[in-house]
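So the chains spell out like this:
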Amino acid sequence: MTKIAIFGVGLIGGSLALCYKGKPDFTVVGHSPNPNSVEKLLKRNVVDHATTDMAAAVDGADYIFLCVPVGNLEEYVQKLMKLPLKQGCIITDVGSTKASITESAAAHLKEGYYFIGGHPMAGSERHGVEAASSHLYENAFYVLTPAEGTPQAEVDRLTNLLSHTKAQIVQVDAREHDDIVGAISHLPHIIAVALVNQVRSYNESNPLYQNLAAGGFRDITRIASSEPTIWRDILVNNREVLLKLLKDWNDEISRFVQLIEQSDGEGIAEQFRIAGEFRSKLPERRKGVLTSLFDIYVDVPDHPGIIGSITSLLGNARINLSNIQIIESREDVPGILRLSFRNQEEADRASELLGKEYAVHV
Ligand SMILES: NC(=O)c1ccc[n+]([C@@H]2O[C@H](COP(=O)([O-])OP(=O)(O)OC[C@H]3O[C@@H](n4cnc5c(N)ncnc54)[C@H](O)[C@@H]3O)[C@@H](O)[C@H]2O)c1
Ligand SMILES: O=C(O)C(=O)C[C@]1(C(=O)O)C=C[C@@H](O)C=C1
C-alpha cells in the first residue's frame, strides 16, 4: 500500500487527492490544522483519512504533497524535518513559484529523504476543496524542479506516481521556471486585477461601465477573481522577476501610447498581427476539465423557452453541449448565451447550425 499525505487539501491538494482516492494500492491522508476542515474532507470523501496531527499524517507516508500557500511552504518543510518520516520518503510541493522552496528545502533536507519541487500548470480562479476535480490535471503540463544532486531514480519515482494525474511531466530549472511562469501566469494576474480596478473606479461615477462590459472584458479578467491570499504570496515571492516583467510591460504600454498619439493605424494593426500570429502557435488547449472548453457566444431574443429551443437544436444535431451560461439577460438588451463544447469541431458545428437563426460570435 502506497501512502500519500497531503497538507492543504484545497483546490490543488484536493484535486491531487481525488486522483488517488479509491484506487487500489493507495491510501490518501489529508492534513489540516483546523478540526472543522478535517471533518469536511471526510464528509466530502476526498481522502481516506484526515487529521489535525502532522506526525500521524506523515507516519509511514511514501509521498508527502505540500499544497499550502506559497508563503507557508518553507515552514512546512522545516516542521517535517523535525518528524520521523519513512526512509526514502519523497516530499514535493505544488507552489506556483519554485526557486525559493527548492533552495530552502535543499538546505534543510535530512539524509534519507528527498525533496522535489513541483507545479501543476492547471488551476482556476476558484479555490477550496469544493472546487477540486480529479480531472483538473488531465493533459496539463506538470513541472518538476529537482535540485542539483537529486537522484534521477527518485525523480522517475515521483513522475511515475504523477502519471495518475494524466498530466504531462516536464523537468525545468527552478529559476527558469519562475522567469517563465512569472510572464505567462503571474504578470497576467496582475494585469487582470489592475484592469478590473481601473474600470471599477470609472464605474463608481457611471454604472454603465459594468453594464456594458461584455465578452472581451470578461475573457481577459476571469483570473482577477482568484483567491487574494494565494496570489499575495505568489507575487511577493516572485518579487525580483515581477519587477523586471512590470518594467517590460510599461514599455509595451508606452509603445501603444506612442502609436495612438501618432494615430499610427498601420503600427497598431501590425501589433495585432504579430500577437495573433504568436498566439495561434500556442499549443492546443491542454488544460484540465475545469477550463478545457471551447466557447461560442449567441445573441438571443429575451423570450421564454429560448434556452430550450437552442438545446433542442443542438441535441437534434447530436452536438454535445458541455455548459450553458446566461451572460446577459435584461429587458433592454438582447441576451447573450455562452455555450461551451468539449472540442473545436463541436463548437464549429454548433456555430454553423445556430448561425442560421441567431447571431453567433466565437
Ligand atoms: N489556484 C491555482 O490555479 C493554482 C495552480 C497551481 C498551483 N497552485 C498553488 O497551489 C497551492 C494551493 O493553492 P490552491 O489554489 O489549492 O488554494 P486553496 O485555497 O484552494 O487551498 C489552500 C489550502 O491550504 C490551506 N491553508 C491555507 N493556509 C494554511 C496554513 N497556514 N497552514 C495550513 N494550511 C493552510 C487551506 O485551508 C486550503 O485547504 C498554492 O501554493 C498555489 O500557489 C495554485
Ligand atoms: O486558469 C487559471 O485560472 C489559472 O490561474 C491557472 C494558473 C495559470 O495562471 O495558468 C494559475 C496559477 C498556477 O500556478 C498555474 C496555473
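Above this text is the structure in question.
From a predicted model like this one, the values you see are computed outputs, not experimental measurements. The residue numbering used here restarts from 1 in each chain and proceeds along that chain's sequence as written. Ligands are numbered from 1 and chains lettered from A, in the order in which they are written. It should be noted that, the model being predicted, local features are given only for residues of pLDDT at least 70 and side-chain atom pairs only at 80 or more, the latter also being counted only at that level, while totals for whole chains, interfaces and linings use all residues. Side-chain calculation: all heavy atoms of the structure are included, whereas hydrogens and water are not.

K.L.:
Give me helix α14 (residues 344-355): which residues, what numbers.
P.N.:
Helix and strand definitions follow DSSP, with helices as H or I runs of at least four residues and strands as E runs of at least two, each counted in order from the N terminus. Here the expected length of a helix is defined as 1.5 Å per residue gap, with one fewer gap than residues. Taking 1.5 Å of rise per residue, 12 residues should cover 16 Å, and α14 covers 16 Å from first to last C-alpha, within 8% of that figure. To sort residues, take the accessible area from a 1.4 Å probe on protein chains only and compare it with the maximum for the residue type: under 20% means buried, over 50% means exposed, and anything in between is partly exposed. Considered for burial, the residues of α14 that qualify are Glu346, Ala347, Ala350, Ser351 and Leu354. Across the axial projection of α14, the buried residues extend over an arc of 140 degrees, all falling on one side. For α14, the exposed residues set more than 90 degrees away from the buried face come down to Glu345 and Glu352. Side-chain atoms alone can form a polar contact between residues adjacent in sequence; in general such a contact is a pair of N or O atoms within 3.5 Å, and within protein one must be able to donate a hydrogen while the other accepts it. With a side-chain oxygen positioned 3.3 Å from the backbone nitrogen of Glu345, the residue opening α14 is Asn343. What the arc measures is the spread of directions leading from the helix axis to the C-beta atoms.

K.L.:
Residue-level account of the pattern of salt bridges, with values.
P.N.:
Pairing between side chains of opposite charge can happen when their charged atoms approach one another. One side-chain nitrogen of Lys or Arg within 4 Å of one carboxyl oxygen of Asp or Glu is enough to make a salt bridge. What the rule picks out here adds up to 18 salt bridges. In this structure, the salt-bridge partner of Lys98 is Asp93, at a minimum N-O distance of 2.7 Å. Exposure remark for Asp93: the relative accessible area of 0% places this residue in the buried category. Several salt bridges converge on common partners, so that one network encompasses Asp219, Asp295 and Arg338.

K.L.:
Please give an account of the site of ligand 1 that cites residues and values.
P.N.:
Taken together, 24 residues surround ligand 1, and among them Leu11, Ile12, Val68, Ser96 and Gly128 come closest. Taking Asn72, its side chain carries an N or O atom lying 3.3 Å from a nitrogen atom of ligand 1. Within the backbone of Ser124, a nitrogen or oxygen atom sits 3.2 Å from an oxygen atom of ligand 1. Exposure was quantified through the Shrake-Rupley algorithm and a 1.4 Å probe, taking into account, for residues, occlusion by the shown protein chains and nothing else. Across the complex, the protein chains shield 79% of the 830 Å² of accessible surface that ligand 1 would expose by itself. Taken together, the elements giving at least two residues each to the shell around ligand 1 come down to α1 (11-20), β6 (114-120) and α10 (228-237). Think of it as three bins: nonpolar holds Ala, Val, Leu, Ile, Met, Phe, Trp, Tyr, Cys and Pro, charged holds Asp, Glu, Lys and Arg, and polar takes everything else, Gly as well. Class assignment of the residues belonging to the shell around ligand 1 gives a composition of 14 nonpolar, 10 polar and no charged. One heavy atom within 4 Å of a molecule or strand makes the whole residue count as near it.

K.L.:
Outline helix α11 (residues 239-261), listing residues and values.
P.N.:
Taking 1.5 Å per residue, 23 residues should reach 33 Å; α11 reaches 32 Å between its end C-alpha atoms and fits that length. Buried within α11 are the following residues: Val241, Leu242, Leu245 and Leu259. The contact criterion used throughout is that any non-hydrogen atoms of two residues lie within 4.5 Å. Elements that come into contact with the buried residues of α11 comprise α7 (174-205), α10 and α12 (265-280).

K.L.:
Lay out the side chain of Ser351 with the relevant residues and their values.
P.N.:
With respect to the secondary-structure elements, Ser351 resides in helix α14. Taking the relative accessible area as the measure of exposure, Ser351 reaches 16% and is therefore buried. Setting aside chain neighbours within four positions, we find Ser351 in contact with Ile296, Val360 and Val362.

K.L.:
Pulling in residues and values, what's your account of the packing of α11 against α12?
P.N.:
Closest axis-to-axis distance for the α11/α12 pair is 8 Å, and the angle between their directions is 145 degrees. Residues Arg255, Phe256, Leu259 and Ile260 of α11 touch α12, and the partners they reach there are Gly267, Ile268 and Gln271. Among the residues forming the contact of α11 with α12, the class breakdown is four nonpolar, two polar and one charged. Angles shown run from 0 to 180 degrees and are taken between the N-to-C directions of axes, each axis being a line fitted to C-alpha atoms and, for helices, limited to the stretch in contact.

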